[in-house]
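What the coordinates show
Residues per chain, in single letters:
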Amino acid sequence: MTSRTPLIAGNWKMNKTGTQAVEAASRLKSLVNGVRGVQIMIAPTYTALSQVAQVLKGSAIALGAQDLFWEKQGAFTGKISSEMLVDAGCSHVIIGHSERRQFFGETDQTVNRKIRAAISEKLIPVFCIGESEAERDAGDTFSVLDKQVRVGLKDFVSDDLSGIVVAYEPIWAIGTGKTATREQAQEAHQFIRSLLDTLFGKPFANTVRVLYGGSVKPDNVRALMEMPDVDGALVGGASLDPETFSKLVFFND
Ligand code: PGA
C-alpha cells in the first residue's frame, strides 16, 4: 500500500480578525514546532491571509483560503481569484464546502470550475463532498458522493489532479457534535477511493488523500485516523483554539 502523509487542516470559517488570526497562527506555530510525518494547513478568512502568511514563514504550516472565484480578473465585485490567493501566500484552497453549497449557491458545476482555476495556479484544492442527513436516511449516501465526485472532477485527467485533497464531510456531522463513526467514515472513504480508481486509475487513487470532516475533536481523532482510508481531518470548531488544534496534529502521540 502507498503511504500517504496525513494532513490535518483547519477551516477557520468566518472567525478571527486579522489581529486574532495572527495571534492564533503564532501560537500554533510554536505548539507544532518539530512535528514530523504530518502536514498541517490552516485557512483563515481572506483579510487575514497576507498577515498570517508572514507569521507562517519558515514553519511547516501551509496556508489555505476558504474559496475562490474561477475568473482570472475583471468586473466581479466581491470575488477573489486564484492568482490573488497565491500572491497572498496560499498553497491550498478549500472548494465546495457544504456551507458554500448550502448558503451561497455552490453546485457541482461551479466546484468543477473552481478546481480548474485552482490548479491553473498550482493551488492545491481541498475538494469537499458529503451527504445530508436526509440523503443518508434515504440510503442515497453513495449516489450523492458519486455525483459530487464525477461532476466536480469532470473533464480532468489524473495528471491535472496530482496533489488534490478530497474531504469527506457528512453535512449532518458538521458543527453538530455528531461525528460519523469511524466505520461510517471508512466506508465512505473506501467508496470515494474506489470511485477515483475507476475514474483516474490506481496510482492516483492510492496516493490521493481523503480527509474526514465533521466534529473532529481531540477525543475522536485517533480512532478516525486509525482507519485505513482516512488520511487526515478537515476541522472547523476544534481548529479555532491553537491548543486544541495542536492536539489533533499530534493525534499519534
Ligand atoms: P466542524 O466543521 O469541525 O466544526 O464540524 C468541519 C468543517 O466544516 O470543515
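These figures come from a predicted structure and were not determined experimentally.

Estimated volume of the largest pocket: approximately 400 Å³. What lines the largest pocket is a set of 19 residues, and nearest its centre among them are Met-14, Gln-66, Asp-67, Arg-100 and Phe-104. Of all the elements, helix H4 (residues 98–103) adds the most residues to the lining of the largest pocket, at 3 residues. Looking at side-chain class alone, the lining of the largest pocket contains 8 nonpolar, 5 polar and 6 charged residues.

A separate point is the site of the ligand. The environment of the ligand is formed by Lys-13, His-97, Glu-169, Ala-173, Ile-174, Gly-175, Gly-214, Ser-215, Leu-234, Val-235, Gly-236 and Gly-237. A distance of 2.6 Å is found between an oxygen atom of the ligand and a side-chain nitrogen or oxygen belonging to His-97. The contact in question runs from an oxygen atom of the ligand to an N or O atom on the side chain of Glu-169, over 2.6 Å. The fraction of the free accessible surface of the ligand (280 Å²) that becomes covered by protein chains is 97%. Its residues placed into classes, the shell around the ligand shows 4 nonpolar, 6 polar and 2 charged.

How each quantity is defined
- Residues numbered from 1 in each chain as written.
- Predicted model: local features only at pLDDT ≥ 70, side-chain atom pairs only at ≥ 80, totals over all residues.
- Heavy atoms only, no water.
- 1 Å grid on protein atoms, 1.4 Å probe; cavity = no way out; pocket = protein on both sides within 12 Å on 5 of 7 lines; lining within 4 Å.
- Points joined across faces, edges and corners; volume = space filled by probe spheres on them.
- Helix = DSSP H or I, 4+ residues; strand = E, 2+ residues; numbered from the N terminus.
- Nonpolar A, V, L, I, M, F, W, Y, C, P; charged D, E, K, R; others polar.
- Near = heavy atom within 4 Å.
- Polar contact = N/O pair within 3.5 Å; in protein donor to acceptor, adjacent residues only side chain to side chain.
- Areas by Shrake-Rupley, 256 points an atom, 1.4 Å probe, with all protein chains shown as cover.

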